[in-house]
Amino acid sequence: MSSEKKEFTNELLITLKNLSGYKYSKEKDKIIYLTSQSDLKENKSKKELYIMNSDGSDVKLISTPGETISEPNFILNGEKIVYLLKDELYFMNIDGTNKKKVICDKPEINSNIEGFLFSPNLDKLILIKMVKPENIQVKMGNDVYKDCDRATNCYIADDLCYTHWNTIQNQVQRPFIYDVKYNKEKDVIIIDSKSEINILEKYTFECPSSPFGGIEEIIFNTKGDKVYFMLKRFTGREYVVSTNIDIFEYTFGKNELLNICKGVYENIDNLKVNIYEGVDFCRSFKEQQNIIQKNVEKIYGEKTFYKKDKNGKIDFNLGYNTDPLLSPDNTKICWKSMERDGYESDITKLCVFDFETKEKYYITEGLDTLIINHCWGNDNKTIYFIAVWDAVYQIYKTDIINKKVEKITDEICNYKGISILDDTHLLAMKCSMIKPLDLYIIDITNGESKQITFINKENLENIPLPKVEKKLVETFDKKQMLCWIIYPPNFDPNLKYPALLYCQGGPQSPVSQFFSSRWNFFLMASHGYIIIAPNRRGLPGFGKEWLEEISGDYYNCCMKDYLSAIDYLKQEKYVDENKLGAVGASFGGYSVYWLAGNHEKRFKAFISHAGMFNIEAFYYETEEMWFANWDNEGAPWLNKENKFGNFLHSPHLYVDKWDTPILCIHGEKDYRILHSQGESAFHAARMRNIPSKLLMFKDEGHWITKPQNALIWQREFYAWLDKWLK
C-alpha cells in the first residue's frame, strides 16, 4: 500500500462509492449490499451488488459490470436473489450465477417496474407501476390530443398537485398484486397475469406515496394472505394541504380494508372521505385541528373500536402515519405517527396496534424528536429505533410492556437503516461528517459497533482528515445552541483561516453528522475553510419548543442564532474575520438571501442554492401547501394591511441593503422552490451592480444529481468562495 498523502478533491467526492442499502438472510446468514458510484465520463451512476457473510467476511461481487441493478432482495429462504434490471424483474443464485428473467405470458407486466415485493412463501407478488388515471389532475398535451403525438412538453392542469418536487404529476404509483409460482425443477418464476388485483383501480390516489415513497411502504404478513400499506386518500387541492396518511390492512378475497389509524373497516368501493368540511384551506391547520377532529369523529365516531380518552377525545392519527412493521408473530403492528394534520415536521411517535385486543398505544412518549427507522426484536416485545437527539442519530430501544425508552449507542455519528441480526446484535449503516456510510454490527448489550464493510477504504486511504468539534454557543437570548465546528486537515491554530457559516435547509432538518455528496464538510475543510454549522431554532433533537420556534418566524430567532454562531467563531484568533462567507440550500438558501440584507458587514461572500428569495411569490408557486400554510401562518391575502411575519420580512424586501458578492444556484425542474426565485435574486444583485453569478441547471430539480452537473456545482462553489475569501 502506498503511504503517499492524497487530497480530498471535488472529483474524489463525486466519485466515492455510496452504500445504497442492504438485506440480510437469516436462513443463510448472508448479507447482500448495493453500492452506487458516479461515472464522470459517462455522466451516470453505476451500481454493484455484493454478498458476504454476516460478519463481513468472504465479500464477493455478484453483479455483472454495466448492469443497472436495483432493489435486490433474498427469496426462497435465502436460496435466490431477486432484483430489478432495466425495470424488469430477474432472479439468480446467491453466487451471481444462473440469472433469469421472471416469466409472464404478458410481457408488459414484467416491464416498467418501479418496485416489487414477494410474499414470504413466494405465492404472491406486488408490482409497483406508474399509471395515468382518467381523471388525474394534470395531463400531457399528447395524452389529451392524440393527433398531437409530439406535444410531450406541455401539460394541462385543472387542479393543484400538478407538479411535485421535480416531477410533473401526470401519473401515479399503483400496486398490482399477482399470483406467482416457482417451479424448482425448471428453476423458473411465473407470474399469473389473469390473477391481477388492483385494489385502487377506481381512484386517483397514489400508493406508494410521491415522490420519495417506494415498496418499503407495503408489507405482507407471514402467511401471505394480508397486505399492509400506507394511503393518502386525497387528490388535487385537498392533497396539497393535508398530511393525513392512514395505514390499511387488505385481506385477500375481501372487499373491505381495515383502517388501522381510524379503527374501522371500510368498503374498498367507498374510500373517498371529506374530513375538511368547514376547514379554510388558505389558513394554517395549526388552529383548525379541532374542526378536523370533529369531522373525523362525525364520520368514524360510531364505527370505530377505539375508545375516548379521559378528555372525551378519540385518537384518529390525523397526521403522517408511515412505515408499518408487523411483529414477528404478526399479532401487532408498529408505525411512525405524527399527531397533527398539516404539519410535516411534528414530533414522531412510535404507535402500536394490537390485532387481538383492538387497542392502540404509543411507546416513545416523552421523546420529543424525529424518529427515522425502527424494527421489531425477536421477542415480539422490544422495538429498536433510530432517533435524533443533540444533533446525532443514535439507536434506542423501547418495549410494548414498560414503554421505557433506553439509549443503546452514544457516538458522534449518524445511524440509519436498522435491522435485526440476532437476539443480541443489530445491523445498521453509519456515517459521520468525515466518514461516508458503511455497514456495522451493533452489540445491543453495550452499544459497541463493528464495521463490516469498507467500500471507500482505498479511495480515502492516506487522506488527512478534518477535525470536528461540538461546541455550545450562547444565543442572543442566553440559550445554548449546539454547533459543529469543522477544522481543515493539519489545522494550525497559529494561522489565519477563512470561515464559512453553514445554513441548514428543511427548515426542520437537523444539522447532524451527515456525509453529503454536495454539502460536504470534509470537502469544505479540505479546501482550507473553517466551518461552523449551528443547530439553530427550528431543528429537531432539542425538544418541541426549540423545534417549533421557527414556524411563522423565519426571520427573527433563527437568523439571530446564525449571527450568534458566526460572531462566536470570528472571535477565535485563527479565524480571519475579514474573510467570512455564508452558504446554504433551500431554507438555507433563504437564510443566505435574508442575511445578505441584514448581516451588517459581517460577510464577504454568499452562496444560495435553491433558496426562497420572495416568500410571497413562493407561496403562490410552491406545491406542498401544508408546508407553506403552516410555516407562514396562512396565505398572504388574508390580511393585506398587516401581513404575517414571514411575508413582511421576506429577503427580497432587503435588497436595498445588499452589498456583498453572491452566487445564486438553481435547477429549472425545481417545482418545490421555482427557479424564478434564484433568477430574481441574481437579477436584483446585478441591477444593484453587486458582483454576482447565476448557476442554472436546466435538467435538475431541487437536488443536483447528474455527475457532471455535480462536479460543475462543486467547482463553481469553491471558485466563488476562493475568489472573495482567499
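Remember, it's a predicted structure, so these values are computed and weren't measured experimentally.

Draft legend 1. Up close: the side chain of aspartate 561. Examined against the element boundaries, aspartate 561 turns out to sit in helix α8 (residues 557-570). Residues in contact with aspartate 561, not counting those within four places in the same chain, are Thr475, Phe476, Met481, Arg536, Arg537 and Trp546.

Draft legend 2. Quick look at the pairing of strand β35 (residues 467-474). Summarising the sheet, β35 and strand β36 (residues 480-487) pair through 8 bridges and their orientation is antiparallel. Its bridge partner being in β36, glutamate 474 is matched across the sheet by glutamine 480. Connecting the antiparallel pair β35 and β36 is a turn made up of 5 residues, with lysine 478 showing a positive phi of about 70 degrees.

Draft legend 3. Region of the structure containing the sheet that holds strand β4 (residues 60-61). The strand order across the open sheet formed by 4 strands is β1-β2-β3-β4, and the pairing between neighbours is antiparallel. Only two strands of the sheet have a single neighbouring strand rather than two, namely β1 (17-25) and β4.

Draft legend 4. Structural detail: the nonpolar core. By size, the foremost hydrophobic cluster in this structure holds 95 residues, and its most contacted members are Ile260, Ile333, Leu501, Ile530, Leu595 and Trp658. Membership of the second largest hydrophobic core comes to 60 residues, among which are Leu500, Phe514, Ile531 and Ile607.

Draft legend 5. Inspection of unusual backbone geometry at higher detail. Along the chain, cysteine 207 connects to proline 208 via a cis peptide bond; the corresponding omega equals 5 degrees. Among the secondary structure elements, proline 208 is positioned in the loop between β17 (188-197) and β18 (218-220). Omega for the peptide link from glycine 506 to proline 507 comes to 5 degrees, which places this bond in the cis form. Mapped onto the secondary structure, proline 507 falls in the loop between β37 (497-503) and α6 (521-526). One non-glycine residue, aspartate 87, lies in positive phi territory at about 65 degrees. Tracing the chain through its elements places aspartate 87 in the loop between β6 (80-85) and β7 (88-93).

Draft legend 6. How the structure looks around the packing of aromatic side chains. If you walk through the whole model with that rule in mind, you get 51 aromatic pairs. Geometrically, the ring pair formed by tyrosine 502 and tryptophan 519 is tilted, given 6.0 Å between the ring centres and 55 degrees between the ring planes. Of the two residues, tyrosine 502 is situated in strand β37 and tryptophan 519 in the loop between β37 and α6; the sequence distance between them amounts to 17 residues. For the pair shown, tyrosine 502 and tryptophan 519 are each scored as buried.

Draft legend 7. Highlighting a nonpolar patch on the surface. On the surface, a nonpolar cluster with roughly 270 Å² of combined accessible area is contributed by Val144, Tyr145 and Ile156. The residue isoleucine 156 is located in strand β13 (residues 155-157) in this model. Its relative accessible area of 40% is what places isoleucine 156 among the partly exposed residues.

Draft legend 8. Molecular detail of the pattern of salt bridges. Taken as a whole, this structure holds 39 salt bridges when the rule is applied. As a salt-bridge pair, arginine 537 and aspartate 561 come within 2.8 Å of each other at their nearest N and O atoms. Of the two residues, arginine 537 sits in the loop between β38 (530-534) and α7 (544-548) while aspartate 561 sits in helix α8, which places them 24 residues apart along the sequence. Across the pair, exposure class does not vary: arginine 537 and aspartate 561 are buried alike. Three or more residues are tied together by salt bridges with common partners; here these are Asp477, Lys479, Arg537, Glu545, Glu549 and Asp561.

Draft legend 9. View of the environment of tyrosine 574. Note on placement: tyrosine 574 falls in the loop between α8 and β39 (575-585). Residue classification places tyrosine 574 among the buried positions, given a relative accessible area of 11%. In this structure the C-alpha to C-alpha distance between tyrosine 574 and aspartate 553, which are 21 residues apart in sequence, comes to 34 Å. Tyrosine 574 has contacts with Tyr487, Phe491, Pro493, Leu495, Lys496, Tyr497 and Ile530, leaving out every residue within four places of it along the chain.

Draft legend 10. Seen up close, helix α4 (residues 289-300). The end-to-end C-alpha separation of α4 is 16 Å, in line with the 16 Å expected for 12 residues at 1.5 Å each. Considered for burial, the residues of α4 that qualify are Gln289, Ile292, Gln293, Asn295, Val296 and Tyr300. Across the axial projection of α4, the buried residues extend over an arc of 165 degrees, all falling on one side. The exposed set on the far side of α4, more than 90 degrees from its buried face, consists of Asn290, Lys294 and Lys298. Buried residues in α4 make contact with β21 (256-259), β22 (264-267) and α11 (625-632).

Draft legend 11. Layout of the pairing of β21. Pairing geometry for strand β20 (residues 246-251) and β21, over 3 bridges, is antiparallel. Bridge assignment links glutamate 249 to a residue of β21, and that residue is leucine 258. Hairpin connection between β20 and β21: a loop of 4 residues separates the two successive antiparallel strands, and glycine 253 in this loop has a positive phi of roughly 95 degrees. Across 4 bridges, the pairing between β21 and β22 is antiparallel. Residue pairing in the sheet places asparagine 259 in a bridge with valine 264 of β22.

Draft legend 12. Inspection of the side chain of serine 195 at higher detail. By the element assignment, serine 195 lies in strand β17. Apart from residues no more than four positions distant in its own chain, serine 195 is found in contact with Ile177, Tyr178 and Asp179.

Draft legend 13. Quick look at a negative patch on the surface. Together, Asp29, Asp55, Asp379, Asp422 and Asp423 give the surface a local cluster of negative charge. On the accessibility criterion, aspartate 55 (40% relative accessible area) is partly exposed.

Draft legend 14. The arrangement of the packing of α8 against helix α9 (residues 587-596) in detail. It is at 11 Å that the axes of α8 and α9 come closest, and there the two elements cross at 75 degrees. Taken together, α8 and α9 sit at an angle that is classed as roughly perpendicular. Within the contact between the two elements, α8 uses Cys558, Met559, Tyr562 and Leu563 and α9 uses Phe587, Tyr590, Ser591, Trp594 and Leu595. When its residues are assigned to classes, the contact of α8 with α9 shows 8 nonpolar, 1 polar and no charged.

Draft legend 15. Structural view of the sheet that holds strand β9 (residues 103-104). On the basis of which strands lie adjacent, the open sheet formed by 5 strands has the order β9-β17-β16-β11-β10 and mixed pairing. This sheet does not close on itself; its edge strands, each paired only once, are β9 and β10 (115-118). Where strand β11 (residues 124-131) lies against strand β16 (residues 172-183), 8 bridges are found, and the strand directions are antiparallel. Bridged to leucine 125 within β16 is tyrosine 178.

About the thresholds
Residues numbered from 1 in each chain as written. Predicted model: local features only at pLDDT ≥ 70, side-chain atom pairs only at ≥ 80, totals over all residues. Heavy atoms only, no water. Helix = DSSP H or I, 4+ residues; strand = E, 2+ residues; numbered from the N terminus. Contact = heavy atoms within 4.5 Å. Pairing = 2+ DSSP bridges. Core = buried A, V, L, I, M, F, W, Y, C linked by side-chain atoms within 4.5 Å. Buried < 20%, exposed > 50% of the residue type's maximum accessible area, 1.4 Å probe, protein only. Phe/Tyr/Trp six-rings, centres within 6.5 Å; stacked < 30°, edge-to-face > 60°. Patch = residues over 30% accessible without salt bridge, like charges linked within 9 Å, V, L, I, M, F, W, Y side chains within 5 Å. Areas by Shrake-Rupley, 256 points an atom, 1.4 Å probe, with all protein chains shown as cover. Salt bridge = Lys/Arg side-chain N within 4 Å of Asp/Glu carboxyl O. Expected span 1.5 Å × (residues − 1). Arc of directions from axis to C-beta. Lys, Arg positive; Asp, Glu negative; His and termini not counted. Charge placed at Lys NZ, Arg CZ, Asp CG, Glu CD. Axes fitted to C-alpha atoms, helices over the stretch in contact; angles between N-to-C directions. Parallel < 35°, antiparallel > 145°, perpendicular 65-115°, else oblique. Nonpolar A, V, L, I, M, F, W, Y, C, P; charged D, E, K, R; others polar.

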